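# Coordinates in review
For reference, the chains in residue letters:
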Amino acid sequence: MARKVSPTFDPKVFLATVNHGRTVNTYRKNTVIFLQASPADAVFYVQKGKIKITVESEQGKEAIVGILGSGEFFGEGCLVGQPLRLATARAMADSDVMRVAKDEMVRVLHAEPAFGELFTAYLLTRNSRVEEDLVDHLFNSSEKRLARTLLLLANFGKEGGPQPITIPISQETLAGIIGTTRPRVSLFMNKFRKLGFIDYNGHLRVHSSLLGVLLRD
């Protein structure tokens, strides 16, 4: 028997409205959305803001494994039987986040091909990003890793990018993302500014010329 498909289903409307296992919460800066090792029972979608994903070792050492913005999902590990969260999610700025209960997420993925296509495309894109991150950490210098991180935060390569980074991101945070020290980040940021690759005018603005750092041998 063929699945019944809603002819008027719109994934964007689904991810913008509260109904059937979907709730939206506003998280203030530094508010925890979920903690590492807490029950994994829902998928989350960023409507507005920035979310930081971190993992902590048994020795208490923390690493930043991702920074997510509007239009991105997180917490999808519950869909493949992950019982507990492998990371902590925390708002980097005031953020509006939709929580989609696991059962509702499974239902809509099966019932609505349009949503399945959107979610699959997102996962494939992020998987590619993870592979690029791994190559970046294995083979690139910390200077190149910082340049790539700034370009990604400024939405370089996306429609309308690069854009000003309006959410404050400390040098400690940048150091945690690229796996180096804050003084090294400070050194490279000053270098980028002097070369005209970035500038500060209330917000951090990243110029396309920063791409040249990645293309150097």
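Below is a short write-up of the structure. If you're wondering where the values come from, they're calculated on a predicted model, not measured in any experiment. By convention here, each chain's residues receive numbers from 1 onward along its written sequence. Side-chain atom pairs in this predicted model are given and counted only at pLDDT of 80 or more, local residue features only at pLDDT of at least 70, and totals for whole chains, interfaces and linings cover all residues. Each side-chain value is derived from all of the structure's non-hydrogen atoms; neither hydrogens nor water enter the calculation.

## Observations regarding the sheet that holds strand β8 (residues 95–101)
In a beta sheet, neighbouring strands pair by backbone hydrogen bonds and run either parallel or antiparallel. With antiparallel pairing, four strands are arranged side by side in an open sheet as β1-β8-β3-β6. Two strands bound the open sheet, and with one partner strand each, they are β1 (22–27) and β6 (73–74). Strands are treated as partners if at least two bridges between them are detected by DSSP. Each helix corresponds to a stretch of at least 4 residues labelled H or I by DSSP, and each strand to a stretch of at least 2 residues labelled E; elements are numbered beginning at the N terminus. Where strand β3 (residues 42–48) and β8 come together, six bridges link them in antiparallel fashion. The residue bridging F44 from the neighbouring strand is R99, located in β8. We call two residues in contact when some of their heavy atoms are within 4.5 Å. Here, axes are lines fitted to C-alpha atoms. For helices the fit covers the stretch in contact, and angles between N-to-C directions go from 0 to 180 degrees. Contacts between helix α2 (residues 102–111) and the sheet are confined to β1, β3, β6 and β8, with β8 contributing the most and set at about 75° to the helix.

## Points about the nonpolar core
Buried Ala, Val, Leu, Ile, Met, Phe, Trp, Tyr and Cys residues that are joined via side-chain atoms within 4.5 Å together make up what is termed a nonpolar core. The buried label goes to any residue with under 20% of its type's maximum accessible area, the exposed label to any with over 50%, and the partly exposed label to all in between, with areas taken from a 1.4 Å probe on protein chains only. Within the largest apolar cluster, 28 residues are counted, with the highest numbers of intra-cluster contacts made by I33, I51, F73, F74 and F115. For this core, the secondary structure elements donating two or more residues are β2 (32–34), β3, β4 (51–56), β6, β7 (88–91), β8, α2 and α3 (113–139). In terms of residues, this core owes the most to one element, β3, which gives five residues. Listed in part, the 24 residues of the second largest apolar core include L146, A147, I178 and V206.

## Quick look at the sheet that holds strand β5 (residues 62–68)
Taken in spatial order, the four strands line up as β2-β7-β4-β5 in an open sheet, and their pairing is antiparallel. What marks the edges here is a single partner per strand, and that holds for β2 and β5. Averaged over all pairs of adjacent strands, the angle between their axes in this sheet comes to 30°, without regard to strand direction. Here β2 pairs with β7 via two bridges, running antiparallel. By the bridge assignment, V32 is partnered in β7 with R90.

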